[in-house]
Amino acid sequence: MMMARGWFGLKSSGIPESGAHSGASANRQPELRPCHRTASAEAMTRWPIPPPMARALELARQAAEAGEVPIGAVVVRDGVIVGEGHNRPRTDHDPTAHAEVQAIRAAAKALGNERLEHCELYVTLEPCAMCAGAIAHARIVRLYYAAPDPKGGAVEHGARVFDHPQCLHRPEVYSGMGEAEAADLLRAFFRARR
């Protein structure tokens, strides 16, 4: 009988183990084989940060260097960054110059359309109510954010903008990607100012 190698080194005969077949195979337990380890146990517990979130983290570092709260954002369409930005409220004397708004404005201009359908937004911190509203109006299809913001966030915390029946558009939301890095940047920024 031919054996196929499945996920995590599990050997499988290709016959379902549901008991639907009679004979010894119905009672046989799968044989586990050790997988070859090529990385440390610590590295195996973390997913690699995708390039758009890595770029958002780099933009957050640039914001910190400019004296702004370290938050970065990028808009991606078909795997290509079409807009990016970092916090600039102090630099621009503009309370709406959040990273998400900067990235959305740049993407809309680059694509020649205020509707960013088929676009994804990667941001280093959970968006506030203003940015969540901008995400809904722009029709962003997916939102990825790194660190939660229990104080000012409005996706998972606070206003929970996308949960309201009046919300015009609800993106798919994914959180936690690059959380440790984003949180470290924020803690270091605020620690240096205390």
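Given the structure is predicted, the values throughout are model-derived calculations rather than measurements.

## Considerations on the nonpolar core
Move 1: Within the largest apolar cluster, 42 residues are counted, with the highest numbers of intra-cluster contacts made by Val75, Leu116, Leu121, Ile140, Leu143 and Phe162.
Move 2: Those elements giving two or more residues to this core turn out to be α2 (51–65), β4 (72–77), α4 (99–111), β6 (119–125), α5 (129–138), β7 (142–147) and α6 (179–192).
Move 3: Beyond its immediate stretch of four places on either side in the chain, leucine 143 contacts Leu121, Val123, Pro127, Ile135, Val155, Phe162, Pro171, Glu172, Val173 and Tyr174.

## Details of the packing of aromatic side chains
Move 1: What the rule picks out here adds up to three aromatic pairs.
Move 2: An angle of 20 degrees between the planes, with centres 5.2 Å apart, marks the rings of tyrosine 144 and tyrosine 174 as stacked. Here tyrosine 174 lies in strand β8 (residues 172–175) and tyrosine 144 lies in strand β7, a separation of 30 residues in the sequence.
Move 3: Ring geometry for phenylalanine 189 versus phenylalanine 190: centroids 5.1 Å apart, planes at 85 degrees, classification edge-to-face.
Move 4: Accessibility expressed as a relative area gives 5% for phenylalanine 189, which makes it buried.
Move 5: The class of phenylalanine 190 is partly exposed, set by a relative accessible area of 35%.
Move 6: Three or more aromatic residues joined by ring pairs form one cluster here, namely Tyr122, Tyr144 and Tyr174.
Move 7: A cation sits over an aromatic face here: arginine 193 above phenylalanine 189, 3.7 Å from the ring centre.

## Overview of α5
Move 1: Turning to α5, its buried residues are Cys131, Ala132, Gly133, Ile135, Ala136 and Ala138.
Move 2: Contact partners of the buried residues in α5: α4, β6 and β7.
Move 3: At the exit of α5 stands arginine 139, carrying a positive phi of roughly 65 degrees.

## As for unusual backbone geometry
Move 1: Phi at aspartate 78 takes a positive value of approximately 50 degrees, unusual for a residue other than glycine.
Move 2: Topologically, aspartate 78 is positioned in the loop between β4 and β5 (80–86).
Move 3: You can call aspartate 78 exposed: its relative accessible area is 70%.
Move 4: The phi dihedral of histidine 93 falls on the positive side, at around 50 degrees, and the residue is not glycine.
Move 5: Checked against the element boundaries, histidine 93 lands in the loop between α3 (89–92) and α4.

## Examining the confidence of the model for the protein chain
Interpretation of the predicted coordinates at a detailed level should be avoided for regions scoring low in pLDDT.
Move 1: The share of residues in the protein chain with pLDDT of 70 or more is 76%, and the mean pLDDT across the chain is 83.
Move 2: Confidence drops under pLDDT 50 across residues 1–45; counting only partners more than four residues distant or on other chains, this segment forms 35 contacts.

Parameters and conventions
Residues numbered from 1 in each chain as written. Predicted model: local features only at pLDDT ≥ 70, side-chain atom pairs only at ≥ 80, totals over all residues. Heavy atoms only, no water. Core = buried A, V, L, I, M, F, W, Y, C linked by side-chain atoms within 4.5 Å. Buried < 20%, exposed > 50% of the residue type's maximum accessible area, 1.4 Å probe, protein only. Helix = DSSP H or I, 4+ residues; strand = E, 2+ residues; numbered from the N terminus. Contact = heavy atoms within 4.5 Å. Phe/Tyr/Trp six-rings, centres within 6.5 Å; stacked < 30°, edge-to-face > 60°. Lys NZ or Arg CZ within 6 Å of the ring centre and 35° of its normal. pLDDT = per-residue confidence, 0-100.

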